[in-house]
Amino acid sequence: MTTLVHGSSSAGSLRKRLKDRAWQVAGYVTTPLVPSDYLDMLSPLRTGADLRARVVEVHPETRDAVTLVLRPGGSWRGHVPGQYIRIGLDVEGVRQWRAYSLTSPVERTDACIAITVKAIPDGVVSNHVVQRVRPGDLVHLDQATGDFTLPASRPEKVLFVTAGSGITPVMGMLRNHLHELDDVVVVHSAPTRDDVIFGPELRRLAARGQVRLVEQHTDDEGMLDAPALAALVPDLAERETWACGPTGLLDLLEEHWDSRGLADRLHTERFRPTVVVAGEGGTVRFTGNGTVVESDGATPILDAGEAAGVLMPSGCRMGICYGCVLPLREGAVRDLRNGDVTTAAPGDGVRIQTCISAAAGNCDIDL
Amino acid sequence: MTVLQKKSENPIAHLTAEDIEELGRQLDAIRAQVVASRGDRDAAYIRKVIDVQRKLELSSRAVLLFSLFPPAWLAGTAGLSVAKILENMEIGHNVMHGQWDWMRDPKIHSTTWEWDNASPAEQWKHSHNELHHTYTNVIGRDNDLGYGIMRVDEDQRWYPFYLAQPLWNFINACFFEYGIAAYDLELGKNLRSKKRRSSPEFKARGKQVLRKIRGQVTKDYVAHPVLSGPSFLPTLTANATANLVRNLWTHSVIMCGHFPEGVETFERRSIQGETRGEWYLRQMLGSANISGGRAMHIMSGNLSYQIEHHLFPDLPSNRYQEIAPKVQALFEQYGLRYTTGPLPAQVASAWAKVIRLSLPNDFVESATKKLGRKATRPAARLLSLVREATEQDADEVTDDREPDLVAV
């Protein structure tokens, strides 16, 4: 009886089809809006809505770092320890997206997740989080992603090398996997003892013998270098290593592991956002058809694209009608009218008027 | 009014080229100050307006489920009319202008917003943002000067069709959202020749409009009435009334923007090589404000600050009130007329123009002159008057194109 084999899946797809149809009919009532535009007003965390989270708790970790406990909406798909989420917050009215590692146990009874944010100098979002975010705030979210995670078969010996906020993905792994790991060494750098995020918890774990904790207080002891690390952890060649922290630290670790032919035993997660330095002109890449144009700092991207044969939307060509708006996926552009620079990293959702923007560095335009 | 370039007393004759450029710099500074200070307060404003509008619409439509009961019909229709006006004016028009793009919210963005109106956002943005705001009040370029069915300036050529323009204006007002859709489609121009009618681009745009209309009509005249069960018919009339109220209100407010006495029009040639300062100046002289309180400002979508809007179409609408005193000060500094007035006065002024210009220029003068000279046979006399008036008009015309008739 061949029909029975597909019975359950066809019932499932029938249910889905009916649901889609019901949604479509609901659309007749709400058009030109869609039902979720209204439902979002009543229940923004429901399953099926865009992913959002409610801030449940904000508690300080150090003088410049706070932990946010978030209750994600029903669409949340869970995470693997070590992964990160992108969080979208409105700062001074503008939607900003940043990535932060998840530090929470996967099996929390309250189904909440947690991230820890450290304020960096001039950091727009990190300072907003540390100073302004309150319980009850609604934030936008992306599903957990990243491969800075433990393999299914846990390694016998593990080394975690971290600095500053780089401890966060490692904390996520420790809070979830420590009972499965026999031999863990954590080498963490921070300016002073009080600046060590999760310091008390880490020291408790060390006191109980669950990890070997090495703290490098860089204000007094200076920065960690490869020979110092090798001295601290003589058997580092036998350890599967995860490292997270500033570029300087990761660069020197990668060099050290490479030089010993151990590159595949080192896993790194780079935290520093790609710092976009605005210049004059650059390479403009149109991501849709791959056209690449060299453009100077005085030519509108609209003109540069059209000169290269790209079919670009346009309007008044003087910045008032917004008929030329396109996504700036990545890079920097300068407003030719007043010199304002706009930068974007992937996922920021930045859109620009191409008729009054010139390349201020390399940039990717989605077209 | 006639184009500024042909006036005996040119309102900008006292300005030098350097004056105009300095004016431009001062206006740029006002804009820069607003751009630099956009933030939380502004974002909270538009989110609040959207929230209030959606709640008002939802509750009005809920009340209309019981529209069989006259109080429910009245309350629901009133609420829905206000909700539609808010959505079109303060929210839709302004979001589509890019005023809120800076927030990077994909749901409140000029590239994604679709408004509660028969005309698709994409086509509205083309005819309004791009054409009207670039060629504001230029005879022969800005079709908002009469929408193709009326003449609103002595320098627009007169045709007998315009004799009935008060009626066309009234009909347009009643069905304004469809008038806008037809206008955005350039229906008059495109239906006239077979080539234009069958062009793939026109057909695609026509389909887009029909699809939008279908959604709107289904929502207001099928879906919600059906949901109302026994109140089917009253809900249908309620929705039709709300649409009518929205049409009449928005039409009136929009007429006040560029038709009242005091607003200047411009010759097509005059904008060749126009500098930024000259563009600003044309916006200042080609627009008119409406005076009033907070209710006026929000219900007009802040087009009560039409002058400020035309100077800075992409600044958040809640800021126009704040910069109006600075803008007015510049008018004074440069000896320019800041055209404004209460709503009834401005609407009356606009209608008076529509009525006056339904007749050929100087019709009354030449009519009385002829009547005085000639003798008997009134009918023949009347005919010759009309003929002479139109011949006289042809000598003065600068715009050679036929009007874009929406419906012939």
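Residues numbered from 1 in each chain as written. Chains lettered and ligands numbered in written order. Predicted model: local features only at pLDDT ≥ 70, side-chain atom pairs only at ≥ 80, totals over all residues.

### Thoughts on the domain arrangement of chain A
Residue and element names in this part refer to chain A.
Then step 1. In terms of domains, chain A is made up of domain 1 (52-141), domain 2 (157-270) and domain 3 (282-365).
Then step 2. The straight-line distance from the C-alpha centre of domain 1 to that of domain 2 is 23 Å.
Then step 3. Taken residue by residue, the interface counts 15 residues in domain 1 and 14 residues in domain 2.
Then step 4. Listing elements by their share of the side of domain 1 that touches domain 2, those giving two or more residues are β1 (52-62), β4 (94-101) and β5 (113-118).
Then step 5. A breakdown of the residues in the side of domain 1 that touches domain 2 according to their chemical character gives seven nonpolar, six polar and two charged. (Domains from an automatic or database assignment. Contact = placed C-beta atoms within 7 Å. Helix = DSSP H or I, 4+ residues; strand = E, 2+ residues; numbered from the N terminus. Nonpolar A, V, L, I, M, F, W, Y, C, P; charged D, E, K, R; others polar.)

### A short note on the packing of helix α4 (residues 121-134) of chain B against helix α6 (residues 176-184) of chain B
All names here are of chain B.
Then step 1. Across the interface, α4 lies against α6 with an axial gap of 9 Å and an inter-helix angle of 75°. Comparing the axis directions of α4 and α6 gives the class roughly perpendicular. Of the residues in α6, those touching α4 at Q123, W124 and S127 are I180, Y183 and D184.
Then step 2. Grouping the constituent residues of the contact of α4 with α6 by class yields three nonpolar, two polar and one charged. (Axes fitted to C-alpha atoms, helices over the stretch in contact; angles between N-to-C directions. Parallel < 35°, antiparallel > 145°, perpendicular 65-115°, else oblique.)

### Observations regarding the interface of chain A and chain B
Then step 1. If you look at the interface, chain A gives 22 residues, while chain B gives 36 residues.
Then step 2. Taken together, the elements giving at least two residues each to the side of chain A that touches chain B come down to α1 (7-30), α2 (35-42), β4 and β16 (350-353) of chain A.
Then step 3. Residue composition of the side of chain A that touches chain B, grouped by class: twelve nonpolar, six polar and four charged.

### Looking at the confidence of the model for chain A
Then step 1. Mean pLDDT for chain A: 92, with 96% of residues reaching 70 or above.
Then step 2. Per-residue pLDDT stays below 50 along residues 1-5 of chain A; that stretch engages in zero contacts with residues further than four places along the chain or on separate chains. (pLDDT = per-residue confidence, 0-100.)

### With respect to helix α3 (residues 124-131) of chain A
Residues and elements named next belong to chain A.
Then step 1. Residues V125, S126, V129 and V130 constitute the buried set of α3. Taken end-on, α3 shows its buried residues confined to a sector of 130°, consistent with a single buried face.
Then step 2. Lining the buried residues of α3 we find β2 (65-72), β3 (84-91), β4 and β5. (Buried ≥ 20, exposed ≤ 12 C-beta atoms within 10 Å, placed from the backbone. Arc of directions from axis to C-beta.)

### Here's the deal with helix α3 (residues 70-96) of chain B
Residue and element names in this part refer to chain B.
Then step 1. If you check α3, its first and last C-alpha atoms are 37 Å apart, about what 27 residues at 1.5 Å a residue would give, namely 39 Å.
Then step 2. Along α3, the helix axis deviates most sharply at E87, where the bend reaches about 30°.
Then step 3. Following α3 by one or two positions, G98 adopts a phi angle in the positive range, close to 85°. (Expected span 1.5 Å × (residues − 1). Bend = angle between axes of the 7 residues up to and from the residue.)

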